[in-house]
Amino acid sequence: MSEDSSKFMMISRNDPCSCGSGKKYKKCCSATGIPGELTDLYWRKYQIRLKNESDISAIRQCGALVIKTFKEIEPYLKPGIATDEINTIVHEFTIKNGATPAPLGYRGYPKSVCTSVNEVICHGIPSNRKLENGDIINVDITSILNGYYADANQTYFIGTPSADAQKIVSVSKQCLKEAASVVRPGCYLNDIGRVIQKYAESQGCSVVREFVGHGIGYEFHEAPQVLHYVAQGNDIPLVPGMVFTIEPMINLGKRESRVLSDGWTVVTQDGSLSAQFEQTIVVTESGMESLTPYEL
Ligand code: MF3
Ligand code: CO
Ligand code: CO
């Protein structure tokens, strides 16, 4: 636990919770081990909204639906399918389950899911483009269920992958795995970026900098930004109740990106393959829990 947070831990279980709920501390923020003072501190100092146990269970439910949605589309990820057909399946399955696809209409985004093929880094817009044997595709699904958001993505092979495709998918998957393994109270946001950058670069790959992970839960994108590389000053201590995504975008070639004229599609400048895996995680007392769990 950091120096900053430890001095805010003096509250007893029967005190009124200092988050202002009017409930006893033991029935409120202490449920996740979050002293109300810490909630206040993180809001004031970093604009981070720590989540309590009932928030976390709602995000977990939303995350379970996101994971069910992946299961729904996976059988269709074959040569010949158009990315717009993936959009339709995601859209209809989400609605049928009482949820809302978060991307649709978000800052003017026109579809319900992002489908990013080959050199597309992120925010690919579903279209009539048909997937071909050897393509890789990242499918990024975010749902809103009972007012709570969960966000995850995975990169898939279409048909038989090339050696390059196998490499970039394996490196980006390992980046998320390594990052998740360092998350625990007392570590810093920078530790996440450090392990990702170190592993990606050790494999001769590069880390995209223009897009980052993010706090999530009450909104699609909340504080903090979760950088996938080391940056000065990025030294926020992780505490229980922080919910954020880790979603490193890893390029086989150089890290530079550009946005196409549709205003959304982000591609590698050098045309090299890019892959990504994303999960929504919560910092717990002992480490972390994925709220959008799938095997890495
Ligand atoms: N799901 C993306 C993320 O991981 C954001 C997509 S924004 C959209 O943060 F508008 F393109 F959907
Ligand atoms: Co995200
Ligand atoms: Co996402």
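Residues numbered from 1 in each chain as written. Chains lettered and ligands numbered in written order. Predicted model: local features only at pLDDT ≥ 70, side-chain atom pairs only at ≥ 80, totals over all residues. Heavy atoms only, no water.

(A) Up close: the coordination of the cobalt ion (ligand 3). Here the cobalt ion (ligand 3) is held by the protein donor atoms Asp-140 (OD), Asp-140 (OD), Asp-151 (OD) and Glu-278 (OE), which lie 2.1 to 2.4 Å from it. Geometry at the cobalt ion (ligand 3) is irregular, judged from its 6 donor atoms and the angles of 58 to 171 degrees they form at the metal. Residue class for Asp-140 comes out buried when judged on its relative accessible area of 12%. For Glu-278, a relative accessible area of 0% corresponds to the buried category. (Donors = N, O, S within 2.8 Å, 3.2 Å for Na, K, Ca; no water. Tetrahedral: all angles 85-135°; square planar, octahedral: opposite > 155°, others 65-115°. Buried < 20%, exposed > 50% of the residue type's maximum accessible area, 1.4 Å probe, protein only.)

(B) The coordination of the cobalt ion (ligand 2), seen in detail. On the protein side, the cobalt ion (ligand 2) has Asp-151 (OD), His-214 (NE2), Glu-247 (OE) and Glu-278 (OE) as donor atoms, found 2.0 to 2.2 Å from it. For the cobalt ion (ligand 2), the 6 donor atoms are set out with angles of 51 to 164 degrees between them, so the coordination reads as irregular. All donors of the cobalt ion (ligand 2) come from a single chain, and their spacing in sequence reads D-x62-H-x32-E-x30-E. Between the cobalt ion (ligand 2) and the cobalt ion (ligand 3) the interatomic distance comes to 3.3 Å, and Asp-151 is a ligand of both metals. Here the residue Asp-151 occupies a position in strand 5 (residues 148–157), and His-214 occupies one in strand 7 (residues 213–215), the gap between them amounting to 63 residues. For the pair formed by Asp-151 and His-214, the shared burial category is buried. (Helix = DSSP H or I, 4+ residues; strand = E, 2+ residues; numbered from the N terminus.)

(C) Molecular detail of the site of ligand 1. If you check the shell around ligand 1, you find 14 residues, and the closest are Asp-140, Asp-151, His-214, His-221 and Glu-247. Thr-142 places a polar side-chain atom, nitrogen or oxygen, 3.5 Å from a nitrogen atom of ligand 1. Within the side chain of Asp-151, an N or O atom sits 3.0 Å from an oxygen atom of ligand 1. Starting from 340 Å² of accessible surface for ligand 1 in isolation, the protein chains cover 96%. Considering only residue class, the shell around ligand 1 consists of 6 nonpolar, 4 polar and 4 charged. (Near = heavy atom within 4 Å. Polar contact = N/O pair within 3.5 Å; in protein donor to acceptor, adjacent residues only side chain to side chain. Areas by Shrake-Rupley, 256 points an atom, 1.4 Å probe, with all protein chains shown as cover. Nonpolar A, V, L, I, M, F, W, Y, C, P; charged D, E, K, R; others polar.)

(D) Just the sheet that holds strand 6 (residues 206–207), in detail. The 3 strands lie next to each other as 6-10-13, forming an open sheet whose pairing is antiparallel. The open sheet has two edge strands, strand 6 and strand 13 (274–276), and neither has a second partner. In this sheet, strand 10 (residues 249–251) lies alongside strand 6 in antiparallel orientation, the contact comprising 2 bridges. Across the sheet, Val-207 pairs through a bridge with Ile-250, a residue of strand 10. (Pairing = 2+ DSSP bridges.)

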